[in-house]
Amino acid sequence: MPNLEIPNFISLWTKAFIKKYAKDKYLIAVNLRLNPFFDADRNASLSVWRKLFVYCLEKHPEVMFVVLGRKNEIAEELRLPNVIFAQDHDINIQHTLSFIKHSLFYMAISSGPATFALLSEDIPYTIVSFRAPDISYNYNWFKPGSILPWQNKEVQKLVWERESPELLIREFNDLMYKTDKKKWIKKLDLENVDESILEWPYLIKAAEKL
């Protein structure tokens, strides 16, 4: 399948963000849906995800999480020293997808942005509370335990059950073990990334130089 492309300046912004806020830590993107118009089963269990973050705060100090999603879905109880809220930095959907692409790996519940990872072959992810797409279509072949035809079984996983602390910690540790961290660092090439792109006048000044 053809890869969905992220605009270059959005990728540069994301890398600069990682350099400034994650510093020398591994950045893990997390998408937690908290939509009041959905039933509870379709939203994230905040207490469960908080336990994952607290676990990593104690056991994996080399990790930083960036929480994605809408600004009105910010959960203050998740503000921990190892958690960044991307919404605090006025991001849009392009930034969200760029974080999914450029983070070490992606953990989320089933939602719209998660489709970007689902359609990829190279973005490591674990998606929990997964549901089959629109039931008006024939997805009889796609049942719990099934994989997508293009799915990389090594680092891409769909979990159909609800999240629990034990499940999230297990999936986190599995991806931490399997992902190629040296390759991720080399691909980011943060030494050659200019953090000033994060400053609002940057784009105006860059345009003036053209």
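Quick note: structure is the one above.
What you see is a predicted model; the values in this text were computed from it and never measured.

Looking now at the overall build of the protein chain. The helix and strand inventory of the protein chain stands at seven helices and six strands. Going from N to C terminus, the protein chain has its helices and strands arranged as α-β-α-β-β-α-β-α-β-β-α-α-α. Accessible surface, the protein chain: about 11800 Å² in total, of which carbon and sulfur atoms supply 55%.

Here the focus is the packing of aromatic side chains. Aromatic rings in a pair are described by how distant their centres are and how their planes are angled relative to each other. Summed over all chains, the structure comprises eight aromatic pairs. On the numbers, 4.6 Å between centres and 40 degrees between planes, the contact of phenylalanine 17 with tyrosine 21 is tilted. Here tyrosine 21 and phenylalanine 17 lie together in helix H1 (residues 8–22), a separation of four residues that amounts to about one turn. On the basis of relative accessible area, phenylalanine 17 is assigned to the buried category, the value being 1%. Following the ring pairs from residue to residue traces out a cluster consisting of Trp13, Phe17, Tyr21 and Phe99.

Bringing the sheet that holds strand E6 (residues 156–158) into the picture now. Sheet strands pair via backbone hydrogen bonds, and the direction of the pair is either parallel or antiparallel. Here we have six strands laid out as an open sheet, ordered E3-E2-E1-E4-E5-E6, and parallel in their pairing. Each edge of the open sheet carries a strand with a single partner, namely strand E3 (83–85) and E6. Strand-to-strand twist in this sheet, taken as the mean axis angle between neighbours without regard to direction, amounts to 15 degrees. Strand direction decides the pairing type here: strand E4 (residues 105–109) and strand E5 (residues 125–128), joined by four bridges, are parallel. Bridging across to E5, methionine 107 finds its partner in threonine 126.

Trp49, Phe53, Phe65 and Phe172 are the most contacted members of the largest nonpolar core, which has 65 residues in total. What phenylalanine 172 contacts, discounting residues up to four positions off in sequence, is Ile28, Leu52, Cys56, His60, Val63, Phe65, Phe105 and Met107.

Time to look at the packing of helix H2 (residues 46–59) against helix H5 (residues 165–178). It is at 8 Å that the axes of H2 and H5 come closest, and there the two elements cross at 45 degrees. Considering their axes alone, H2 and H5 lie oblique with respect to each other. Taken as a pair, H2 and H5 cross one another with a handedness that is right-handed. Of H5, the residues touching H2 (which contributes Val48, Trp49, Lys51, Leu52, Tyr55 and Cys56) are Pro165, Leu168, Ile169, Phe172 and Asn173. Looking at the contact of H2 with H5, its residues break down into nine nonpolar, one polar and one charged.

Another point: the environment of glutamine 151. Along the chain, glutamine 151 turns up in the loop between E5 and E6. Classification of glutamine 151 by relative accessible area gives buried; the value is 10%. C-alpha separation for the pair glutamine 151 and isoleucine 123, spaced 28 residues apart in sequence, amounts to 9.9 Å. If we skip the residues at most four places from it in the chain, glutamine 151 touches Tyr125, Gln156, Lys157 and Leu158.

When the terminal C-alpha atoms of H2 are compared, their 20 Å separation across 14 residues agrees well with the 20 Å that a helix rising 1.5 Å per residue should span. Buried within H2 are the following residues: Leu46, Val48, Trp49, Leu52, Phe53 and Cys56. On its buried side, H2 packs onto strand E1 (26–31), strand E2 (63–68), E3, E4, E5 and H5.

Here asparagine 31 is to be found in strand E1. Residue classification places asparagine 31 among the buried residues on the basis of a relative accessible area of 4%. In this structure the side chain of asparagine 31 is engaged in a polar contact, spanning 3.3 Å, whose partner is the side chain of tyrosine 106. Setting aside its immediate chain neighbours within four residues, asparagine 31 contacts Leu68, Gly69, Thr96, Tyr106, Met107, Ala108, Ile109, Ser111 and Pro113.

The rules behind each value
- Residues numbered from 1 in each chain as written.
- Predicted model: local features only at pLDDT ≥ 70, side-chain atom pairs only at ≥ 80, totals over all residues.
- Heavy atoms only, no water.
- Helix = DSSP H or I, 4+ residues; strand = E, 2+ residues; numbered from the N terminus.
- Areas by Shrake-Rupley, 256 points an atom, 1.4 Å probe, with all protein chains shown as cover.
- Phe/Tyr/Trp six-rings, centres within 6.5 Å; stacked < 30°, edge-to-face > 60°.
- Buried < 20%, exposed > 50% of the residue type's maximum accessible area, 1.4 Å probe, protein only.
- Pairing = 2+ DSSP bridges.
- Axes fitted to C-alpha atoms, helices over the stretch in contact; angles between N-to-C directions.
- Core = buried A, V, L, I, M, F, W, Y, C linked by side-chain atoms within 4.5 Å.
- Contact = heavy atoms within 4.5 Å.
- Parallel < 35°, antiparallel > 145°, perpendicular 65-115°, else oblique.
- Left-handed = near helix turned anticlockwise from the far one by under 90°.
- Nonpolar A, V, L, I, M, F, W, Y, C, P; charged D, E, K, R; others polar.
- Expected span 1.5 Å × (residues − 1).
- Polar contact = N/O pair within 3.5 Å; in protein donor to acceptor, adjacent residues only side chain to side chain.

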